[in-house]
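Here is how the chains run, residue by residue.
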Amino acid sequence: MSAQTQSPVKRLTPPDIRARKGGAPIVSLTAYDAPMAAVMDPHTDLILVGDSVGMVVHGLPNTISVTLEMMILHGQAVMRGSKQALVVVDMPFGSYEQSKEQAFANCVRVLQETGAGAVKLETSVQMAETVRYLVDRAVPVVAHVGLRPQAALADGGFKAKGRDEDSRAKVLAEARAMDEAGAFAIVVEGVAEDVAREVTEQVSAPTIGIGASAACDGQVLVMQDMLGLFDWTPKFVKKYGSLREIADAAFQAYAEDVRARVFPGPEHVYSAKKR
């Protein structure tokens, strides 16, 4: 028996997520820090530490500049804040495409240094060999097909996929290849609704949609988008909160109190100890 104290909460695993195919929808959100991970953890099955952190936290124009060190840092924070959700960390651009050996070395580093349960790769048909190589070496992989943000430079921007026959065939081929390679789940992003439905029907792994279809086996959204922290949000996002307005009002009230010298008040300051 281990002398370490075991948590009473059992964290979900890749097999748990895979078993949800065709069952109760998988609830997923992105997180990048411990406090927000702790808030969403009781409500989610899978927390994605997305390389979207580059855009929504670091203010970058795309995800291309995100580094492995950034993903590890944010992955560690999310693991500290969560208890029950499966945590999946994105592999950033340039960390896995060169060779399957490079991919394995970097994925192992992410899993070892964060304690996360799986990694996610933005995948094409050409990445099937790499995904199989990882899976055969006990690296749990979530694949990502359709709109791939890491390919934004090559695509000329963030463009929906599967809206014509050639693009539709490509998305379906990518999903089937990832399924056959052993990915335990597949993120389907920014594709026509009927394509997302067809992908979900054709693969044995559960699909997690973002800008796809309610026919997917689950959904994921970027936390900042669904909380309404930005003036603009993508078409596929439903705002479940208006935190930008709440924060703006709080900052304004704080600034007014400071300038009026009413904060800090007597209840917020320390007094000398009585002798």
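What you see is a predicted model, and the numbers here were worked out from it, not measured in a lab.

Caption draft 1: Fine view of the nonpolar core. Among the nonpolar cores identified, the biggest contains 60 residues, and Val119, Leu121 and Met178 are the most heavily contacted of them. Those residues in contact with methionine 178, other than ones at most four positions away along the chain, are Thr123, Ser124, Met127, Ala128, Val131, Ala143, Val145, Ala183 and Ile186. In this structure, Leu46, Val88, Val142 and Ile210 belong to the second largest nonpolar core, which totals 14 residues.

Caption draft 2: Broad picture of the packing of helix 6 (residues 128-136) against helix 8 (residues 165-181). Direction vectors running N to C along helix 6 and helix 8 enclose 25°, while the axes themselves pass 8 Å from each other. With respect to their mutual orientation, helix 6 and helix 8 come out roughly parallel. Crossing hand, helix 6 versus helix 8: right-handed. Seen from helix 6, the contacting residues are Ala128, Val131, Arg132 and Val135; seen from helix 8, they are Ala177, Met178, Glu180 and Ala181.

Caption draft 3: How the structure looks around the pattern of salt bridges. Under the counting rule described, the total for this entry stands at 13 salt bridges. Here aspartate 231 makes a salt bridge to arginine 244, at a shortest N to O gap of 3.0 Å. Here arginine 244 lies in helix 11 (residues 243-259) and aspartate 231 lies in the loop between helix 10 (223-226) and helix 11, a separation of 13 residues in the sequence. The network of salt bridges with common partners includes Glu69, Arg109 and Glu113.

Here is what the cut-offs are and how they apply
Residues numbered from 1 in each chain as written. Predicted model: local features only at pLDDT ≥ 70, side-chain atom pairs only at ≥ 80, totals over all residues. Heavy atoms only, no water. Core = buried A, V, L, I, M, F, W, Y, C linked by side-chain atoms within 4.5 Å. Buried < 20%, exposed > 50% of the residue type's maximum accessible area, 1.4 Å probe, protein only. Contact = heavy atoms within 4.5 Å. Axes fitted to C-alpha atoms, helices over the stretch in contact; angles between N-to-C directions. Helix = DSSP H or I, 4+ residues; strand = E, 2+ residues; numbered from the N terminus. Parallel < 35°, antiparallel > 145°, perpendicular 65-115°, else oblique. Left-handed = near helix turned anticlockwise from the far one by under 90°. Salt bridge = Lys/Arg side-chain N within 4 Å of Asp/Glu carboxyl O.

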